[in-house]
Amino acid sequence: MILLLAGLLLTAPAPDPSAAFDARMVASASAAEAFQGPLDGAWVVRDGRGQPLLRLEIEDPPPGSGSPTGAWSLADGSTMGAIERIEATRGGVRIQITPDERLVLQRLRGRWRGRMVEAGRTSLVILGRR
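Residues numbered from 1 in each chain as written. Predicted model: local features only at pLDDT ≥ 70, side-chain atom pairs only at ≥ 80, totals over all residues. Heavy atoms only, no water.

Right, let's talk about unusual backbone geometry for a bit. You will see that Ala119, though not glycine, has its phi angle at about 50 degrees, which is positive. Along the polypeptide, Ala119 turns up in the loop between strand 8 (111-118) and strand 9 (121-129). (Helix = DSSP H or I, 4+ residues; strand = E, 2+ residues; numbered from the N terminus.)

Pasting the structure below:
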């Protein structure tokens, strides 16, 4: 019996070092994400029918360590630029995309909803993760 157990131990596969490395990388990334602000990451602005309008990449530092910054592009990637300003409002956020275009959003039931004001026209939008 002891020889059988010893044989099983000798033939057991060695732990995969790449799996351990991958697990450490995932844990490290999760820990880093915990220190970012709620807007950090990649986003899509969709119209009321669910059609993508804009893509946003936002860097949102931890509270008290600076203001969020980011970049935008049209959904088809044809035009892009830097986001002019991102500011927290009471219960929401205001994102000034260009001088004539802004998002005014509120966090409702786990999603960002609100309006996009573009050259004086207002439309309802939803901001979701990419």
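Next up on the list: the nonpolar core. The biggest cluster of nonpolar side chains holds 18 residues, and the ones touching the most others in it are Leu56, Ile58, Ile95, Leu103 and Leu105. Broken down by secondary-structure element, the contributors of at least two residues to this core are strand 1 (41-47), strand 2 (52-59), strand 6 (92-98), strand 7 (101-108), strand 8 and strand 9. When residues no more than four places from it in sequence are discounted, the contact partners of Ile58 are Leu39, Asp40, Gly41, Trp43, Pro68, Thr69, Gly70, Ile83, Ile86 and Ile95. (Core = buried A, V, L, I, M, F, W, Y, C linked by side-chain atoms within 4.5 Å. Buried < 20%, exposed > 50% of the residue type's maximum accessible area, 1.4 Å probe, protein only. Contact = heavy atoms within 4.5 Å.)

Moving on: the sheet that holds strand 9. Across the sheet, 9 strands lie side by side as 4-3-2-1-9-8-7-6-5; this open sheet has antiparallel pairing. At either end of the open sheet lies a strand with only one pairing partner, and these are strand 4 (80-82) and strand 5 (85-89). Within this sheet the neighbouring strands show an average axis-to-axis angle of 25 degrees, counted without direction. Here 6 bridges tie strand 2 to strand 3 (residues 69-74), and the two strands are oriented antiparallel to one another. (Pairing = 2+ DSSP bridges. Axes fitted to C-alpha atoms, helices over the stretch in contact; angles between N-to-C directions.)

In this section: the side chain of Asp60. Looking at where Asp60 falls in the secondary structure, it is placed in the loop between strand 2 and strand 3. An unpaired buried charge is present at Asp60: no salt bridge exists, and Arg129, the closest side chain of opposite charge, is 7.7 Å distant. A polar atom in the side chain of Asp60 sits 2.9 Å from the backbone nitrogen of Leu39. With residues up to four places along the chain from it excluded, the contact list for Asp60 reads Gln36, Gly37, Pro38, Leu39, Asp40 and Pro68. (Lys, Arg positive; Asp, Glu negative; His and termini not counted. Salt bridge = Lys/Arg side-chain N within 4 Å of Asp/Glu carboxyl O. Polar contact = N/O pair within 3.5 Å; in protein donor to acceptor, adjacent residues only side chain to side chain.)

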